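Here's the letter readout for the chains.
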Amino acid sequence: EDKVVQSPLSLVVHEGDTVTLNCSYEVTNFRSLLWYKQEKKAPTFLFMLTSSGIEKKSGRLSSILDKKELFSILNITATQTGDSAVYLCAALTDKLIFGTGTRLQVFP
Amino acid sequence: DTEVTQTPKHLVMGMTNKKSLKCEQHMGHRAMYWYKQKAKKPPELMFVYSYEKLSINESVPSRFSPECPNSSLLNLHLHALQPEDSALYLCASSQDPTADRYEQYFGPGTRLTVT
């Protein structure tokens, strides 16, 4: 059975801290790994990773994929209260298979 | 522009009602999706339309009936729902699902309450 596992389930940090969110996957017909941020409503797209070892970066967020070890990490540096959200990773096969998410709370 | 729109934003319906959820995108995407999301859970895939044809039905009960009238529109027709069907219903779209760029963009969702 296809599965995507995220850790930790929740994380509480102070502004300015750096956090690392983990995502491991075991799926058939893997195509890519996607990260989303979900606040109150719709998930918003962050990154799509297809190749191993190539870091994708957007501002304070970065992510990398390891296709040999079947995992990805999402790093957020210098966290801000606006980073508080649930971060979802999803493996794309013929459909998106979501992990349960990591709930990040950033306090001032 | 990566906007997917959904209407209505909120819907309250009784178990004997018939209602429809609507989703629209003008990005030229050829794949559209319906997801159901319960509180504190990730989205669960319900249906996938690829080039206006239903390609995946995740064993969804027949009280949910999807329709794709054209490449920009996706509907979800609801009939005889149960209280446990109350959830956030998300629509998403992606470019040609056979091409390289296939990240899915989500709409804001319809918060459905079945009484």
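For the structure itself, look to the data block above.
Owing to the predicted nature of the structure, the values given are computational and were not obtained by experimental measurement.

Novice: Can you lay out the interface of chain B and chain A for me, pointing to particular residues and giving the numbers?
Specialist: Taken together, the 22 residues of chain B in the interface contact 19 residues of chain A. When residues of chain B are sorted by the area they lose upon contact with chain A, Pro42, Tyr102 and Phe106 of chain B head the list and together hold 30% of the total. Our count for the contact surface shared by chain B and chain A stands at 1 salt bridge. Between Glu58 of chain B and Lys95 of chain A there is a salt bridge, with the nearest N and O atoms lying 2.9 Å from each other. Our count for the contact surface shared by chain B and chain A stands at 3 residue pairs in polar contact (both at pLDDT 80 or more). Counting residues per element, the ones that place at least two in the side of chain B that touches chain A are strand 4 (31-37), strand 9 (87-94) and strand 10 (105-106) of chain B. Partitioned by chemical class, the residues of the side of chain B that touches chain A number 13 nonpolar, 4 polar and 5 charged.

Novice: Describe the nonpolar core, listing the residues and the values that go with them.
Specialist: Among the nonpolar cores identified, the biggest contains 24 residues, and Trp34, Phe64, Leu76 and Leu78 of chain B are the most heavily contacted of them. Elements with a contribution of two residues or more to this core: strand 2 (10-13), strand 3 (18-25), strand 4, strand 5 (44-50), strand 7 (64-70), strand 8 (73-79), strand 9 and strand 11 (110-114) of chain B. With residues near it in sequence (within four places) discarded, Leu76 of chain B still touches Lys19, Ser20, Leu21, Trp34, Met46, Phe47, Phe64, Ser65, Pro66 and Tyr89 of chain B. Judged by nonpolar contacts, the second largest core, of 22 residues, contains Val13, Trp35, Leu65 and Cys89 of chain A.

Novice: An account of unusual backbone geometry is needed here, citing residue identities and associated values.
Specialist: Backbone torsion omega between Ser7 of chain A and Pro8 of chain A reads -10°, so that peptide bond is classified as cis. Notably, Ser59 of chain B is not glycine yet its phi reads approximately 55°, a positive angle. Positionally, Ser59 of chain B belongs in the loop between strand 6 (53-57) and strand 7. A relative accessible area of 70% means that Ser59 of chain B is categorised as exposed.

Cut-off values and rules
- Residues numbered from 1 in each chain as written.
- Chains lettered and ligands numbered in written order.
- Predicted model: local features only at pLDDT ≥ 70, side-chain atom pairs only at ≥ 80, totals over all residues.
- Heavy atoms only, no water.
- Contact = heavy atoms within 4.5 Å.
- Buried area = accessible area lost by both parts, 1.4 Å probe.
- Salt bridge = Lys/Arg side-chain N within 4 Å of Asp/Glu carboxyl O.
- Polar contact = N/O pair within 3.5 Å; in protein donor to acceptor, adjacent residues only side chain to side chain.
- Helix = DSSP H or I, 4+ residues; strand = E, 2+ residues; numbered from the N terminus.
- Nonpolar A, V, L, I, M, F, W, Y, C, P; charged D, E, K, R; others polar.
- Core = buried A, V, L, I, M, F, W, Y, C linked by side-chain atoms within 4.5 Å.
- Buried < 20%, exposed > 50% of the residue type's maximum accessible area, 1.4 Å probe, protein only.

None of this, on its own, says anything about what the molecule does.
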